[in-house]
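# A structural walkthrough
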Amino acid sequence: MAPRVGVLVFPGTNCEFDVIEAVSALGGEGTTLWHGDRTLGDVDAVVVPGGFAHGDYLRPGAIARFSPIMTAVADFANSGGPVVGICNGFQVLTEAGLLPGALQKNRGLKFLCQMTELVVAAADSTLTAGIAVGTRLRIPINHFEGNYTCSAETLSMLIADDRVVFRYADNPNGSINDIAGICSAERNVVGLMPHPERASSALLGSTDGALLLGSLLMTAATGERPAVAAVGA
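Residues numbered from 1 in each chain as written. Predicted model: local features only at pLDDT ≥ 70, side-chain atom pairs only at ≥ 80, totals over all residues. Heavy atoms only, no water.

### Focus: the pairing of strand β2 (residues 29-34)
Operational definition: For two strands to be treated as a pair, DSSP must find no fewer than two bridges joining them. The helix and strand labels rest on DSSP assignments: H or I over at least four residues marks a helix, E over at least two residues marks a strand, and numbering proceeds from the N terminus. Clockwise travel from the first strand over the helix to the second, with the strands pointing away from the viewer, marks a crossover as right-handed.
By the bridge criterion, 6 bridges tie strand β1 (residues 4-9) to β2 in an arrangement that is parallel. Of the residues in β2, the one forming a bridge with Leu8 is Leu33. Since β1 and β2 lie parallel, the crossover through helix α1 (residues 16-25) that links them has a hand, and here it is right-handed.

### Quick look at unusual backbone geometry
Rule in force here: Exposure is judged per residue with a 1.4 Å probe applied to protein chains only, and the accessible area is read against the type maximum: over 50% gives exposed, under 20% gives buried, and values in between give partly exposed.
In this model, Cys87 sits at a positive phi of 55°, which is unusual for a non-glycine residue. With respect to the helices and strands, the residue Cys87 is situated in the loop between β4 (83-86) and α3 (88-95). The class of Cys87 is buried, set by a relative accessible area of 5%. One non-glycine residue, Asp162, lies in positive phi territory at about 60°. Relative to the helices and strands, Asp162 is located in the loop between α4 (152-160) and β9 (164-168). The exposure class of Asp162 is buried, given its relative accessible area of 18%.

Any link to function would need more than the numbers given here.
This is the structure we're talking about:
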């Protein structure tokens, strides 16, 4: 059976159907999950998509993290289920405590909508299983608050535990250590600012995002956690 991917919908999200379209093109089955629901239903993976959850009126993701569905997402993640947060979804995951750090306004206080080049920094996460470290991917960004930040202690931990999944080849927003995406200690939860669903067809200018979503579907289909890298690797 095709792996079933639940895509969360908050008031203000706008990328849920982009994700479903990209997942479906790769052989998966996408379904929307309303933020007010308390269960995920029968899904094999969860994507928290981009947009402006609750208008981002407090902080991006700060209100969304209190939605009933997030308790179910946390339980799913803690049981080893693959969870991916894209752009605003990454912000939601940090606000919910599923990933460390925070996203702040871009360097220069400018909204950025452009193609970027990412470098895969860890090959054993939900989004990069089977993709070699050093692989370069062309994937667009579309954000105003995509500047990843964290404490010096957290940064040291992320690097020591090989939890930086993606770095920008040419940092567009000022993110610390050029970080474009990170993963949880168990490697099943991944957050990234670039939009892989917007790089899933040649018509969009790149198909590199399909590699990442394909990794998600493979992980969801097997039900296996990504291999955990040795500390200090």
